[in-house]
Amino acid sequence: MSVVGQEQPTTTPEVVRAWVGGWAVSRSLRPPVEVAGGFRLDVGLPGHRVRYVLFDLDQVAELAVTLTAPGTWIKASASAERVVPLLTPAWTVGEPEYLMTVPLRRATALAPDGYTLHTATDGGITTVRIHDADGTTAASGQMGVAGPAAVADRILTDPAHRRRGLGSVLMTALGDAAAKRGAATGVLVATRDGLALYRALGWTLWEAITPAYLPENE
């Protein structure tokens, strides 16, 4: 296996830029807009209209006061202990998340016995699905490739198929497909449950991410 020969990001702003760029590709959104201390993404979903991804805590403090539209999110690259005191009571704080990176490598992904692996690329998005013998999707995920970075997104293993190595196969296949297209760095944001899995697969924890949002009434 070989690492694609491009430089890896070395600062939090660089990793955040890579994350928002690839995530926008994965979700078929307009490119992120650079703002002071981070980036804005127009997501356009109920309850998640706009997202600010910030690496500057001064900007978190400022926007926490000036932003008032329901459905607005802030994702700050810092621990909750540092972010929560900057927020007003209007904000709801979500579960902690974890910004992670890995050098991408060409590698062969082999599905376990009884499973088949399917990879497809459409534009900047590569999708991998693992099916069981009945054709049911046991695990799936995608990567949005934006320049030298590829962002892993919507990674899911069906509970009935967990602890069979499918997560490792899935991430290997996604990383191989992205590396083949010239991406050098994998980026993702893990939940607390996913943190141990990705660490075991060689991903490095870069920074805690604290999400907060202004609730939108149904």
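Nothing here was measured: the structure is a model prediction, and the numbers come from that model. (Residues numbered from 1 in each chain as written. Predicted model: local features only at pLDDT ≥ 70, side-chain atom pairs only at ≥ 80, totals over all residues. Heavy atoms only, no water.)

Asker: What am I meant to see in the pattern of salt bridges here?
Answerer: Note on pairing: side chains with opposite charge can pair once their charged atoms come close. By the definition in use, this model includes eight salt bridges. Ionic pairing is found between Lys 75 and Glu 97, a salt bridge with its closest N-O pair at 3.0 Å. Of the two residues, Lys 75 is situated in strand β4 (residues 72–76) and Glu 97 in strand β6 (residues 97–103); the sequence distance between them amounts to 22 residues. Taken individually, Lys 75 and Glu 97 each receive the classification buried, so the pair is uniform in this respect. What you see here is one network of salt bridges that share partners, running through Arg 30, Arg 40 and Asp 42. (Salt bridge = Lys/Arg side-chain N within 4 Å of Asp/Glu carboxyl O. Helix = DSSP H or I, 4+ residues; strand = E, 2+ residues; numbered from the N terminus. Buried < 20%, exposed > 50% of the residue type's maximum accessible area, 1.4 Å probe, protein only.)

Asker: It is not clear to me how the nonpolar core should be interpreted in this structure. Could you clarify?
Answerer: Nonpolar side chains in soluble globular proteins tend to be buried together. Ranked by internal contacts, the top residues of the largest apolar core, which has 28 residues, are Met 100, Leu 104, Met 143, Leu 188 and Trp 203. Secondary structure elements with two or more residues in this core: β6, β8 (125–131), β9 (137–146), β10 (149–157), α4 (166–180), β11 (185–190) and α5 (192–200). Leaving out residues up to four positions away in the same chain, Trp 203 has contacts with Met 100, Thr 101, Val 102, Met 143, Met 171, Gly 186, Val 187, Leu 188 and Tyr 198. (Core = buried A, V, L, I, M, F, W, Y, C linked by side-chain atoms within 4.5 Å. Contact = heavy atoms within 4.5 Å.)

Asker: Which parts of the structure should I look at to understand the side chain of Glu 97?
Answerer: Taking relative accessible area as the criterion, Glu 97 reaches 17% and is therefore assigned buried. For Glu 97, the side chain forms a polar contact with the side chain of Lys 75, separated by 3.0 Å. Leave out the neighbours within four places in its chain, and Glu 97 touches Lys 75, Val 189, Ala 190, Glu 207, Ala 208, Ile 209 and Pro 211. (Polar contact = N/O pair within 3.5 Å; in protein donor to acceptor, adjacent residues only side chain to side chain.)

Asker: Hey, could you run me through the side chain of Thr 127 in this one?
Answerer: Relative to the elements of secondary structure, Thr 127 occurs in strand β8. Residue Thr 127 is classed as buried on the basis of its relative accessible area of 19%.

Asker: Sorry if this is basic, but what is going on with the packing of aromatic side chains here?
Answerer: Think of a pair of aromatic rings as described by two things: how far the centres are apart, and how the planes are tilted against each other in angle. All chains considered together, the criterion is met by three aromatic pairs. Judged by centre distance (4.6 Å) and plane angle (20°), the ring pair of Trp 73 and Tyr 213 falls under stacked. A residue pair is termed long-range when its members are at least 10 positions apart, and Trp 73 in strand β4 and Tyr 213 in strand β12 (residues 204–213) qualify at 140 residues. Among the residues examined, Trp 73 registers a relative accessible area of 16% and is labelled buried. Taking the ring centre of Trp 23 as reference, the NZ or CZ of Arg 51 above it sits at 4.0 Å. (Phe/Tyr/Trp six-rings, centres within 6.5 Å; stacked < 30°, edge-to-face > 60°. Lys NZ or Arg CZ within 6 Å of the ring centre and 35° of its normal.)

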